[in-house]
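Spelled out from the first residue to the last, the chains are:
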Amino acid sequence: MKQPDLITAIRLYYEKSELGTQDIIKLFDVSNSGAAKMKKKVRQAMAEKNVKSFYPHSINTEVAYELWGIDIEKCEARLKRLRSLKLAE
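Structure report, in brief. Just so it is clear, the model here is predicted, and its values are computed rather than measured.

## Some points on the environment of methionine 46
Tracing the chain through its elements places methionine 46 in helix H3 (residues 32-49). The buried category is assigned to methionine 46, whose relative accessible area is 4%. Those residues in contact with methionine 46 that lie beyond four places of it in its chain are Val51, Lys52, Ser53, Ile59, Asn60 and Val63.

## Examining helix H2 (residues 21-28)
Quick reminder: α-helices carry 3.6 residues per turn. Residues three or four places apart thus point the same way. When H2 is considered as a whole, its buried residues turn out to be Asp23, Ile24, Ile25, Leu27 and Phe28. Positive backbone phi, approximately 55 degrees, marks aspartate 29, located one or two places after H2.

## Some points on a nonpolar patch on the surface
Together, Leu82, Leu85 and Leu87 make up an exposed nonpolar region whose accessible area comes to about 270 Å². Inspection of the secondary structure assignment puts leucine 87 in the segment after helix H5 (72-84).

## Focus on the pattern of salt bridges
Overall, the coordinates contain three salt bridges when judged by the stated rule. Salt-bridge contacts for lysine 16 lead to aspartate 23; the nearest nitrogen and oxygen are separated by 3.1 Å. What makes lysine 16 partly exposed here is its relative accessible area of 30%. The salt bridge involving glutamate 66 is made with lysine 49; its shortest N-O contact spans 2.8 Å. Of this pair, glutamate 66 sits in helix H4 (residues 61-68) while lysine 49 sits in helix H3, placing them 17 residues apart in sequence. Judged by relative accessible area, lysine 49 falls into the partly exposed class, the value being 41%.

## Some points on the packing of helix H1 (residues 6-15) against H2
Two numbers describe a pair of packed helices, the interaxial angle and the distance between the axes. At a minimum axis distance of 9 Å, the contact between H1 and H2 shows a crossing angle of 155 degrees. As far as their axial angle goes, H2 and H1 are roughly antiparallel. Where H1 abuts H2, its residues Thr8, Ala9, Arg11 and Leu12 lie against Asp23, Lys26 and Leu27. Of the residues that constitute the contact of H1 with H2, the class distribution is three nonpolar, one polar and three charged.

## Points about the packing of H2 against H3
Remark: H2 packs on H3, axes separated minimally by 9 Å, with the N-to-C direction vectors making an angle of 105 degrees. Taken together, H2 and H3 sit at an angle that is classed as roughly perpendicular. Contact residues: Thr21, Gln22, Ile24, Ile25 and Phe28 in H2; Asn32, Ala35, Met38 and Lys39 in H3.

## Side note on unusual backbone geometry
Even without a glycine there, the phi angle at aspartate 29 is positive, about 55 degrees. With respect to the helices and strands, the residue aspartate 29 is situated in the loop between H2 and H3. Given a relative accessible area of 58%, aspartate 29 falls into the exposed group. Unusually for a residue other than glycine, lysine 86 sits at a positive phi of about 60 degrees. For lysine 86, the location among the structural elements is in the segment after H5. A relative accessible area of 73% means that lysine 86 is categorised as exposed.

Parameters at a glance
Residues numbered from 1 in each chain as written. Predicted model: local features only at pLDDT ≥ 70, side-chain atom pairs only at ≥ 80, totals over all residues. Heavy atoms only, no water. Helix = DSSP H or I, 4+ residues; strand = E, 2+ residues; numbered from the N terminus. Buried < 20%, exposed > 50% of the residue type's maximum accessible area, 1.4 Å probe, protein only. Contact = heavy atoms within 4.5 Å. Patch = residues over 30% accessible without salt bridge, like charges linked within 9 Å, V, L, I, M, F, W, Y side chains within 5 Å. Areas by Shrake-Rupley, 256 points an atom, 1.4 Å probe, with all protein chains shown as cover. Salt bridge = Lys/Arg side-chain N within 4 Å of Asp/Glu carboxyl O. Axes fitted to C-alpha atoms, helices over the stretch in contact; angles between N-to-C directions. Parallel < 35°, antiparallel > 145°, perpendicular 65-115°, else oblique. Nonpolar A, V, L, I, M, F, W, Y, C, P; charged D, E, K, R; others polar.

Right under this line is the structure:
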């Protein structure tokens, strides 16, 4: 799995409580079928945690990030450091 862009990961985390296929594609640069496979695994984790989604084709952002190993606090710290070094906008 490709490392997500920090800015995109942070923006999606705070903008969307649920992610759709296009969000996953944007985050990881995967195909539709790749995004579908990722969603399926998140749906399984959601079922285990008894987390429901509001929309039938969406997945919970927090559960997804946890499953994918995206620590939003670390992402924010890394982006802040990159900006302090003037290596990111």
